[in-house]
Amino acid sequence: MGVLMSRRQTVEKVQKVSLAVSAFKDGLREQPSTRRRAEAGGTRRGTLEQAVQEGEEEASAGPSQPEESSAGKAAWERLRDGRGVEPEEFDRANRFTPPAFIRPKRELHDDEPPDISLEQREQVLNDEMCEICEVWTAESLFPCRVCSRVYHDGCLRRMGYLQSDSAVEVTETAHTETGWSCYYCDNLNLLLTEEEMYSLMETLRNCKIIPETCLTLDDFLHYKHLVHKQQFERPMAEAQEEQAALQFSALDPDKKGHIEWQDFLSHESIQLLQKLRPQNALLRLLTAKERERARAAFLALDQDSDGFIGEGECRRARHGWFRKHQKETPSCNVSISHVGPMSESSPASSGSSKSQKTLPSTEQEEARPVDWPSFLRENVAYILAARPNSAALHLQPPA
């Protein structure tokens, strides 16, 4: 047994070394442009308007244009490979090699209904060893609330995925009911296949969206107008523009006046998944933890145990535990894993007059029965959209 284990570990070691070499080569190619940006004292997290203005100024200057195109090319490559935004001054000394993400592939049976039983509970177990260093240290490992992976906070720091300002938050929330999503599950863009990713990149290019920049309200509305016109060949209606403005507010819960690139990318990724994949295919993306959480929620709502709940209960539950709430308002801080029905007088359901308007409770709604398969299909997009750690609402429940 010891010999077999040593051989397996040797093979895995060789694979990791080859990935580290390729990642190191990529880092050398990207390092000059990163150094130039650091010396210039700029930041990639400027708004789209600022990025366009800087690009026009450098284009008029002439000699610096190849440098900017190189930096832009690196940003598009990071978007394609799902690597996200790297720190401006990332010291690769004493750092672990970032993981090589492999995008999923569609299978022939993906569109068929998956067998997710309500009665048969699933045993959910976390991994025993850290996903990064493969060392077991018991209680010092932080579990992901979506998948079975566990991590050391020190390993996350050495990977560059855990900065000093977020370390305390991870350690406080990883073992709570709300939980913490690892860097795999936090990035909804990694759910896209290569074909779907190229489709999204083409849309972003056509709409002149620059990767790794923040978007203001004007940028977001301009993008939505262009996408709508390309898809339907007609201008966006006023009501649709109002909905887009509301979505911008949901993506900017701190009211900073702009939305972060990662939040925008997660929102567009989940929108594309809804557009290109049927609900059965989306159900296959759910992890065992997410299926168990949804199963417990349905059983808690099914008070008479007849296998059905009302439409009103389903809608209130969707608002209650499949959307995020700002950390500054603890009275409205309802956990995603909340499994009880939301009362009409609870803070989460009556936070504002607008939220009350989006929660109609008519007799017709209450009368429509919702069984377990329908409950899963109608809520799968909201379960997936709740994965990111960000406080932004990446998918608003419909009115």
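In the annotation of an unreviewed UniProt entry, the entry for the chain reads Phd finger protein 24 isoform x2, and the organism field reads Limosa lapponica baueri.

Draft legend 1. Region of interest: the nonpolar core. Counting residues in each nonpolar core, the largest one holds 49 residues, and the members touching the most others are L79, L204, I209, F264, W372 and F375. Here this core takes 9 residues from helix α15 (residues 372-385), the largest share from any one element. Beyond its immediate stretch of four places on either side in the chain, L79 contacts R103, N189, M197, M201, L204, P211, W261 and L265. Ranked by size, the runner-up nonpolar core spans 21 residues in total, among them L141, C144, L162 and W180.

Draft legend 2. Here's a closer look at the packing of helix α7 (residues 217-232) against helix α9 (residues 261-276). Running from N to C, α7 and α9 point in directions that differ by 20 degrees, and their axes come no closer than 14 Å. Here α7 is positioned roughly parallel relative to α9, judged by the angle of their axes. For the pair α7 and α9, the sense of crossing is right-handed. Seen from α7, the contacting residues are F220, Y223, K224 and Q231; seen from α9, they are F264, H267, E268 and K275. When its residues are assigned to classes, the contact of α7 with α9 shows 3 nonpolar, 2 polar and 3 charged.

Draft legend 3. Fine view of the environment of I132. Mapped onto the elements of the fold, I132 is located in the loop between α3 (65-81) and β1 (142-143). The class for I132 is buried, based on a relative accessible area of 14%. For the pair I132 and M159, spaced 27 residues apart in sequence, the C-alpha to C-alpha distance is 8.6 Å.

Procedures and definitions
- All residue numbers here refer to positions counted from 1 along the written sequence of the relevant chain.
- pLDDT decides what is reported in this predicted model: residues at 70 or higher carry local features, side-chain atom pairs at 80 or more are listed and counted, and totals for whole chains, interfaces and linings draw on all residues regardless.
- Derived side-chain values reflect all non-hydrogen atoms in the structure, with water molecules and hydrogen atoms excluded from consideration.
- Put simply, a nonpolar core is a bunch of buried Ala, Val, Leu, Ile, Met, Phe, Trp, Tyr and Cys residues held in one set by side-chain atoms that sit within 4.5 Å of each other.
- When a residue's accessible area, from a 1.4 Å probe over protein chains only, is under 20% of the maximum for its type it is buried; when over 50% it is exposed; and in between it is partly exposed.
- Numbering of helices and strands runs from the N terminus, with a helix taken as a DSSP run of H or I at least four residues long and a strand as a DSSP run of E at least two residues long.
- Throughout, a contact is declared for two residues whenever any of their heavy atoms are within 4.5 Å.
- Each axis is a line fitted through C-alpha atoms, taken for helices only over the stretch in contact, and angles between the N-to-C directions span 0 to 180 degrees.
- Note on terminology: angles under 35 degrees are roughly parallel, angles over 145 are roughly antiparallel, angles of 65 to 115 are roughly perpendicular, and the others are oblique.
- Take the far helix as the reference: if the near one is turned anticlockwise from it by less than a right angle, the crossing is left-handed, and if turned clockwise, right-handed.
- Charged residues are taken to be Asp, Glu, Lys and Arg, nonpolar residues to be Ala, Val, Leu, Ile, Met, Phe, Trp, Tyr, Cys and Pro, and polar residues to be all remaining types, Gly included.

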